[in-house]
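Architecture and fold: a report
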Amino acid sequence: MTKHATFVSNDAVAAVVVAPAQAGRHFSSFSAPIKGAAARDCKKQAAVALDLAAAGVVTGGSWVESMKASSPRRAAADAEHGEWMMHPSALTWFESALGAADGKQIVMFLDYDGTLSPIVEDPDRAVMSEEMRDAVRGVAKHFPTAIVSGRCRDKVFNFVKLHELYYAGSHGMDIKGPTVQSNNVEASAEAVHFQAGSEFLPVIEEVYRTLTSKMEPIPGAKVEHNKFCLSVHFRCVQEEEWESLNQEVRSVLKEYPDLKLTHGRKVLEIRPSIKWDKGKALEFLIKSLGYAGRSDVFPYTLVMIAPTRTPSRYI
Ligand SMILES: O=P(O)(O)OC[C@H]1O[C@H](O[C@H]2O[C@H](CO)[C@@H](O)[C@H](O)[C@H]2O)[C@H](O)[C@@H](O)[C@@H]1O
């Protein structure tokens, strides 16, 4: 069991609150107590807010249309980056979380790409600023804090470098608790270690090799190995090539019916067709923290919404 800074609720009403994004910024948050119907709402919200790839699936139309829709053009991307730079301080997060939580115990869930780091062309260079690291460190002093990402867990850790956080990589399929005792963790959080879909590791490796060679002739295409899943990046690929890239990826996947294809921001994502996603990871972490079934717990989730998009399409 853990002990965190507690802001105990006077209001046990199980309502889901969607906090509005701050003006001029694209950070959005939602929080929900997690009991009964609220737990289901929370799960739904988590799936919507965290599973960016799933959002890609529901956009309808052809894949290439969806790929275009999820990819702001240069000016928009520059504006997005400029606005991203106005990221909030720990104090802003702290105040905003406290306000939304209405006295409940907060658990903070943060996305990495586009939230803690700016969107950049080379995914290996999506570094986090010292200022942002300080902000996350500050928040984690007060609330149990997890980073939930589509990326491989080790890679996210190497960017963030904060031992006191929980990390859920590979779209939530690979979860690990803090490796140091933080102020607000009483029990051995090291014990938190969970992996879903390990049986897919060999097949993911095989598909990685195949896709890497198929993408070789497409200038700018890059396959990223995220351990339990793969990402095929097309941010640096000429738009005229997107259709053939898409076709190549789909033709490879035809041989692997147990894998599914979704997409995010200028990226196609390949992952096991299992009933596990970022929403499940969120639930798992809440349970690991000893908060399952409690109505006074407030999962506070911070993701970045691409400008000009509605929340259901922030991909
Ligand atoms: O589900 P997420 O945690 O948001 O992960 C989605 C993808 O994030 C990363 O790619 C994105 O950021 C890159 C660096 O800024 C950018 O180059 C790319 O275009 C974006 O899609 C990550 O590299 C991917 O593996 C994730 O699938």
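Residues numbered from 1 in each chain as written. Predicted model: local features only at pLDDT ≥ 70, side-chain atom pairs only at ≥ 80, totals over all residues.

**Let's talk about the site of the ligand**
Note the threshold: Near residues are defined by distance alone, with the backbone-placed C-beta atom required to lie within 6 Å of the molecule or strand. Under the convention adopted here, Pro, Cys and the residues Ala, Val, Leu, Ile, Met, Phe, Trp and Tyr are nonpolar, Asp, Glu, Lys and Arg are charged, and Gly plus all remaining residues are polar. The domain boundaries here were taken from an automatic or database domain assignment.
Surrounding the ligand, one finds 22 residues, the nearest of these being Asp113, Pro123, Gly150, Ser231 and Val267. For the shell around the ligand, the residue count by class is seven nonpolar, six polar and nine charged. Here the shell around the ligand spans two domains, and each of domain 1 (17–197 + 275–313) and domain 2 (199–272) adds at least three residues to it.

**Some details on the nonpolar core**
Where a protein is soluble and globular, its nonpolar side chains tend to be buried together. We apply this condition: To count as a nonpolar core, a set of buried Ala, Val, Leu, Ile, Met, Phe, Trp, Tyr and Cys residues must be joined through C-beta atoms within 7 Å. Using C-beta atoms placed from the backbone, we call a residue buried if 20 or more other C-beta atoms fall within 10 Å of its own, exposed if 12 or fewer do, and partly exposed for counts in between. Helix and strand labels come from DSSP, where a helix needs a run of H or I of at least four residues and a strand needs a run of E of at least two; each type is numbered from the N terminus.
Among the nonpolar cores identified, the biggest contains 39 residues, and Val107, Met108, Ala146, Ile147 and Leu285 are the most heavily contacted of them. Within the residue set of this core, elements represented by two or more residues are helix H5 (90–101), strand S3 (105–110), helix H6 (130–142), strand S4 (145–148), helix H7 (153–160), strand S5 (166–169), helix H10 (278–288) and strand S12 (297–304). Listed in part, the 24 residues of the second largest apolar core include Met67, Ala221, Leu230 and Val267.

**Some thoughts on the sheet that holds strand S9 (residues 230–233)**
Selection rule: Whether two strands pair depends on DSSP finding at least two bridges between them. Under this scheme, a helix contributes an axis fitted over its contacting stretch, all axes are lines through C-alpha atoms, and angles between N-to-C directions fall in the 0 to 180 degree range.
Reading across the sheet, the four strands line up as S8-S9-S11-S10 and stay open at both edges, with antiparallel pairing between neighbours. Of all strands in the sheet, those bounded by a partner on one side alone are strand S8 (222–225) and strand S10 (259–264). Within the sheet, the average angular offset between the axes of one strand and its neighbour, ignoring direction, is 20°. Of the pairings in the sheet, the one linking S10 to strand S11 (residues 267–272) comprises six bridges and is antiparallel in character. Considered in S11, the bridge of leucine 261 is made with isoleucine 270.

**Details of the domain arrangement of the protein chain**
The line we're drawing: A pair of residues counts as a contact when their C-beta atoms, built from backbone coordinates, are separated by no more than 7 Å.
In terms of domains, the protein chain is made up of domain 1 (17–197 + 275–313) and domain 2 (199–272). Facing the 24 residues of domain 1 at the interface are 24 residues of domain 2. When contributions to the side of domain 1 that touches domain 2 are tallied by element, the ones reaching two or more residues are helix H2 (52–57) and helix H3 (63–69). Ranked by residues supplied to the side of domain 1 that touches domain 2, first place goes to H2 with five residues. Among the residues making up the side of domain 1 that touches domain 2, the classes are represented as 12 nonpolar, nine polar and three charged.

**Details of the environment of lysine 222**
Along the chain, lysine 222 turns up in strand S8. Considering only alpha carbons, one finds lysine 222 and histidine 263, 41 residues apart in sequence, at a separation of 14 Å.

**A few points about helix H9 (residues 242–253)**
As a reminder, the rule being used: Given a helix with a known number of residues, its expected span is that number minus one, times 1.5 Å. What the arc describes is the spread of directions from the helix axis to the C-beta atoms.
For H9, which comprises 12 residues, the first-to-last C-alpha distance of 17 Å matches the rise-based estimate of 16 Å (1.5 Å per residue) to within 8%. Burial in H9 covers these residues: Trp242, Leu245, Asn246, Val249 and Val252. Buried residues of H9 fall within an arc of 130° about the axis and therefore sit on the same side. When the buried face of H9 is taken as reference, the exposed residues oriented beyond 90 degrees from it are Gln247, Arg250 and Ser251.

**Examining the pairing of S3**
Just so we agree on the cut-off: For the handedness criterion, the strands are oriented away from the viewer, and a crossover whose path from the first strand over the helix to the second runs clockwise is classed as right-handed.
Burial of S3 is extensive: six of the six residues sit out of reach of the surface. Because side chains alternate across S3, one face comprises the buried residues Gln105, Val107 and Phe109, and the other comprises Ile106, Met108 and Leu110, equally buried. The sheet contact formed by S3 and S4 spans three bridges and is parallel. Bridging from a neighbouring strand, leucine 110 pairs with isoleucine 147 of S4. The parallel pair S3 and S4 is bridged by H6, and the resulting crossover is right-handed.

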